[in-house]
Amino acid sequence: MSTSEASGTGTRGSRILGALVLIGGAVLLVVVGFVLPADEVQRDAARLLPLHVATAWLAYVAFFGTAIASIFYLIPRTRSLAWDRIAGASAEIGVLFLSLLIAVGMIWGNLTWGVFWRWDPRLTTTALLLLLFIGYLALRNVDGASERRARRSAILGVISFLFVPIVHKSVEWWGSLHQAPSVAKLDGDIELDDSMLFSLFLSLVVFSLLYVWLMLHRVRLARLEAMHDARGLDSAIAARTAEAVR
Amino acid sequence: MQPVIHLRDAVALHGRFPALAGVTADVHDGEIVLVRGPNGAGKTSLLRVCAGLLPVVRGEASVLGFDLTKDAVAVRAQVGLLGHANGLYSDLTVRDNVAFWAACVGASANEVVAVLDELGLSGRLADTVVDKLSTGQRRRTALASLLVRRPRLWLLDEPHAGLDAVGRDLVDAALRRAAEAGATVLFASHELDRAEPLAHRVLELDGGVVR
Amino acid sequence: MKALLRVARLIAAKDLRIERRSRVAITQIVGFAVLVLFLFAFAFDPTRGVLARATPGLFWIAVLLSLLLVVGRNFAAETADGALDGLRMAGLEPGGIFLGKFIALLVELLALVVVLLAGVVVFYDTEIPAAGAVLLVTSAFLACTGLAAAGTVYGALSAGVRVRETLLPLLLLPVVAPVLIGATRAFEAALGTPSDDRRAVASVAEGWPWVALLGVFAVMFVAGGLLSFGTLLED
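Here we summarise the structure given alongside this text. Computed from a predicted model, the values in this text were never measured in an experiment.

Attention now goes to the overall build of chain B. Within chain B one finds 6 helices and 10 strands. Taking 17 Å as the expected radius of gyration for a compact globule of 211 residues, we find that chain B reaches 17 Å, a close match to that expectation. By its C-alpha atoms, chain B is 50 × 35 × 35 Å across when sized along the principal axes. Buried positions account for 57% of the 211 residues belonging to chain B. Long-range pairs, those at least 24 residues apart, make up 70% of the contacts in chain B with a sequence separation of at least 6. Surface accessibility of chain B: about 8,200 Å² in total, with carbon and sulfur atoms responsible for 50%.

Okay, here's the thing in structure tokens:
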């Protein structure tokens, strides 16, 4: 599908996808808001579970996407700045959804336990991952789009991703040390009946489609920027040679 | 015979800015070539391209037989670059610095002594910490670090900068000796009255192109 | 392999010689670390036992903060006068350069840890039981190995970048969080620190799983550094 440059980054395909996401999202909200019965223990707060899980899923997918694209960039045979653009776009989406995840987690925590933050492993790991992502974007921000930036952020992307399991494990162990047994896990006692399973499944599908839609637009935008720069090179060369003092 | 440096319409970028906008030049074995031009003409970039530090995105570029558009890294060990900065460790002495760069290429301790002698850095000066040296002395130390590697191609960016008359004489003598021993020298300089007598040939660089 | 070790020895010797001549690490950074211990004492009432209970954590936070300074200095020496270009031109094995810088950082960190241990013994009244000594030394060594490796990688990543002073902490600290967690827990077990009024004192045996975590971290970062340093070194 080629992009018609004059009208932006939308194509017929991505518009259909976008429509699907909107419809799916609307259905999801209806299901979560009305069709789902209120859970006995956690009441309305349980409605957030599908969204919470799906956001977490999306954040990890985005993180994974950045890592894979970084690896493809680093392999000489498949090296191409397109992979760098994909890695960067995925990271931006990841930051967006990790922030959402933490915000939702904080709301949920406030609804169920009256506190905004709990030092439980899941939330803490998520916050650490967000910090890793932010650092990645900060590094990308230092340089303009270039081979140098692509190289450095690719390495950082791969390293950060490889460390997710270690961060995860160590925070988990740390959490198990001071978790008083009477406190329930964040989603420990929500009943997984059919309607909940359905909404979980639906939210995963909708959010995955949302990720693809966001990626399509963001990567195309980056590609347009790169094409603009490349075309600019010839004029830049002409301007440069015209700079001659004598 | 194949030229030591061969460039045709070479374009090199600094981010998005074309520092070299299509340079065509050949430098042959044993030549001392001066690169002349106004500030911002691309002299430093030209030297860095030949050193394999700045990638060439368009055109042909080869140095000592290495194709710079494919494998610029391989050429680095064969050439010596004296950049704007001196590339020295300020907390170490002159001798430490030169000895370190010598050890990187496996040169012996005798060569270190010889090089220090050649550039007037022996005696008490050799054991002075670089931080305490004058600009000219640091420049000579930097050149010594290059000299000790005995590269086939010398790339010098303002070699006379900050040197007094004695220093300049030492540097010029070292350059001539190297060329006579078979090395090729490409250097950029603003001090034309000093540089022109030294060079066999002059390249005029302006606006990223050779005029 | 031999070439790698030769380059490593060359670089490590150079870095350590710089430290020995300038004495910045020895005086200023160690001074900073001890100062941090004092700041903790000012922030927490030293007479109420808070310091004693928090000693392992405070110790490693002091190490982490000092790590930022040590890494920064190590790479500042390279970028201050363009020596990094020289390293690129010298045709050295990048893995060897990584190893050399890593070893130099490790030596400096180990020296720092020794001084800080003396510091907490003196200022926080810490006792080192004989039973926990092996655990203490092993965990400290492995933690420093991981920190030195991560520091070398991230130091190179942020070297020569305009905003290095703020970028390095932002990148490095989240990634060494596992070391903080593991080393603190291991120290608690080794020192027999009562970490919580409700919980019992950790036994020495409980510290060893954390040592495994530290080991994994160290191995991964040393391997990662060896593999990626060539690319990291490029401008």
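Anyway, onward from the coordinates.
Let's shift gears to helix 5 (residues 165-180) of chain B. Residues and elements named next belong to chain B. Between its first and last C-alpha, helix 5 extends 23 Å over 16 residues, near the 22 Å set by a 1.5 Å rise per residue. Considered for burial, the residues of helix 5 that qualify are Gly167, Val171, Asp172, Ala174, Leu175, Ala178 and Ala179. Looking straight down helix 5, one finds its buried side chains confined to an arc of 160 degrees; they lie on one side. Turned more than 90 degrees from where helix 5 packs its buried face, Ala165, Val166 and Glu180 sit exposed.

The next point concerns the interface of chain B and chain C. If you look at the interface, chain B gives 23 residues, while chain C gives 24 residues. Buried surface at the junction of chain B and chain C, summed over both partners, amounts to about 2,000 Å²; 60% is from carbon and sulfur atoms. Inspection of the chain B/chain C interface yields 4 salt bridges. Among the salt bridges present, the one from Asp91(B) reaches Arg73(C), with a minimum N-O distance of 3.9 Å. Joining chain B to chain C, the criterion identifies 10 residue pairs in polar contact (both at pLDDT 80 or more). Elements represented by at least two residues in the side of chain B that touches chain C include exactly helix 1 (43-51), strand 6 (79-82) and helix 2 (94-105) of chain B. Top contributing element to the side of chain B that touches chain C by residue count: helix 2 of chain B, with 6 residues.

It is worth spelling out the interface of chain C and chain A at this point. Each partner contributes to the interface: chain C provides 32 residues, whereas chain A provides 25 residues. Interface area for chain C against chain A, summed over the two sides, is near 2,600 Å², with a carbon-plus-sulfur share of 77%. Our enumeration of links across chain C and chain A arrives at 4 residue pairs in polar contact (both at pLDDT 80 or more). Broken down by secondary-structure element, the contributors of at least two residues to the side of chain C that touches chain A are helix 6 (133-157), helix 7 (164-175), helix 8 (177-191) and helix 9 (208-233) of chain C.

Attention now goes to unusual backbone geometry. Residues and elements named next belong to chain B. The backbone of Asp9 sits at a positive phi, close to 50 degrees, despite the residue not being glycine. Note on placement: Asp9 falls in strand 1 (residues 5-14). For Glu158, which is not a glycine, the phi torsion comes out positive at approximately 55 degrees. Inspection of the secondary structure puts Glu158 in the loop between strand 7 (153-157) and helix 5.

Under the counting rule described, the total for this entry stands at 20 aromatic pairs over all chains. Arranged with centres 6.1 Å apart and planes meeting at 65 degrees, the rings of Phe97(A) and Phe207(A) form a pair that is edge-to-face. With a gap of 110 residues between them, Phe97(A) in helix 3 (residues 81-113) and Phe207(A) in helix 7 (residues 194-242) connect regions that are remote in the sequence. Each member of the pair, Phe97(A) as well as Phe207(A), carries the same accessibility label: buried. Between Tyr89(B) and Phe100(B), the ring centres sit 5.8 Å apart and the planes meet at 80 degrees, which makes this aromatic pair edge-to-face. Here the residue Tyr89(B) occupies a position in the loop between strand 6 and helix 2, and Phe100(B) occupies one in helix 2, the gap between them amounting to 11 residues. Residue class for Phe100(B) comes out buried when judged on its relative accessible area of 5%. In textbook terms, an aromatic cluster arises when at least three aromatic residues are bridged by ring pairs, as seen for Phe63(A), Phe64(A), Phe133(A) and Phe161(A). Over the ring of Tyr73(A) we find Arg79(A); its NZ or CZ atom is 5.3 Å from the centre of that ring.

What follows concerns the pattern of salt bridges. Between side chains of opposite charge, a pair can form as their charged atoms come close. Counted according to the given criterion, the structure contains 27 salt bridges over all chains. Arg76(B) is the salt-bridge partner of Glu234(C), the closest N and O atoms lying 2.9 Å from each other. With Glu234(C) in the segment after helix 9 and Arg76(B) in the loop between strand 5 (66-67) and strand 6, this residue pair bridges two chains. Considered together, Glu234(C) and Arg76(B) belong to a single accessibility category, that of buried residues. Each of Lys14(C), Asp15(C), Glu78(C) and Lys101(C) takes part in a single network of salt bridges with overlapping partners.

Time to look at the packing of helix 2 (residues 48-74) of chain A against helix 7 of chain A. Residue and element names in this part refer to chain A. Interhelical geometry of helix 2 versus helix 7 gives an angle of 35 degrees and a closest axis separation of 8 Å. Helix 7 is crossed by helix 2, and the crossing has right-handed handedness. In contact with Leu49, Pro50, Leu51, Val53, Ala54, Thr55, Trp57, Leu58, Val61, Ala62 and Gly65 of helix 2, helix 7 contributes Met196, Ser199, Leu200, Ser203, Leu204, Phe207, Ser208 and Tyr211. Here the contact of helix 2 with helix 7 is composed, by residue class, of 14 nonpolar, 5 polar and no charged.

The next thing to look at is the nonpolar core. If you look at the biggest cluster of nonpolar residues, it comprises 116 residues, and the most contacted ones within it are Phe59(C), Trp60(C), Leu87(C), Leu147(C), Tyr154(C), Phe217(C) and Phe221(C). Counting residues per element, this core draws most heavily on helix 6 of chain C, at 13 residues. Beyond its immediate stretch of four places on either side in the chain, Leu87(C) contacts Tyr89(B), Phe100(B), Trp101(B), Ile11(C), Glu78(C), Leu92(C) and Ile97(C). Core analysis: the second largest hydrophobic core is formed by 36 residues, Ala107(B), Val112(B), Ala126(B) and Leu175(B) among them.

Looking now at the packing of helix 5 (residues 94-123) of chain C against helix 6 of chain C. How two helices sit against one another is set out by the angle between their axes and by the gap between those axes. Residue and element names in this part refer to chain C. The contact between helix 5 and helix 6 brings their axes to 8 Å, and the two run at 135 degrees. Our classification of the angle between helix 5 and helix 6 gives oblique. At the point where helix 5 passes helix 6, the crossing takes the right-handed sense. Of the residues in helix 6, those touching helix 5 at Phe98, Lys101, Phe102, Leu105, Leu106, Leu109, Leu110, Val113 and Leu117 are Leu136, Ala140, Phe141, Cys144, Thr145, Leu147, Ala148, Ala149, Gly151, Thr152 and Val153. For the contact of helix 5 with helix 6, a count of residues per class yields 16 nonpolar, 3 polar and 1 charged.

Residues and elements named next belong to chain B. Its location among the elements puts Arg176 in helix 5. Taking the C-alpha atoms as reference points, Arg176 and Leu198, 22 residues apart in sequence, are found 7.7 Å from one another. Those residues in contact with Arg176, other than ones at most four positions away along the chain, are Pro197 and Leu198.

Rules and cut-offs
Residues numbered from 1 in each chain as written. Chains lettered and ligands numbered in written order. Predicted model: local features only at pLDDT ≥ 70, side-chain atom pairs only at ≥ 80, totals over all residues. Heavy atoms only, no water. Helix = DSSP H or I, 4+ residues; strand = E, 2+ residues; numbered from the N terminus. Rg over C-alpha atoms; globule rule 2.2 N^0.38 Å. Buried < 20%, exposed > 50% of the residue type's maximum accessible area, 1.4 Å probe, protein only. Contact = heavy atoms within 4.5 Å. Areas by Shrake-Rupley, 256 points an atom, 1.4 Å probe, with all protein chains shown as cover. Expected span 1.5 Å × (residues − 1). Arc of directions from axis to C-beta. Buried area = accessible area lost by both parts, 1.4 Å probe. Salt bridge = Lys/Arg side-chain N within 4 Å of Asp/Glu carboxyl O. Polar contact = N/O pair within 3.5 Å; in protein donor to acceptor, adjacent residues only side chain to side chain. Phe/Tyr/Trp six-rings, centres within 6.5 Å; stacked < 30°, edge-to-face > 60°. Lys NZ or Arg CZ within 6 Å of the ring centre and 35° of its normal. Axes fitted to C-alpha atoms, helices over the stretch in contact; angles between N-to-C directions. Left-handed = near helix turned anticlockwise from the far one by under 90°. Nonpolar A, V, L, I, M, F, W, Y, C, P; charged D, E, K, R; others polar. Core = buried A, V, L, I, M, F, W, Y, C linked by side-chain atoms within 4.5 Å. Parallel < 35°, antiparallel > 145°, perpendicular 65-115°, else oblique.

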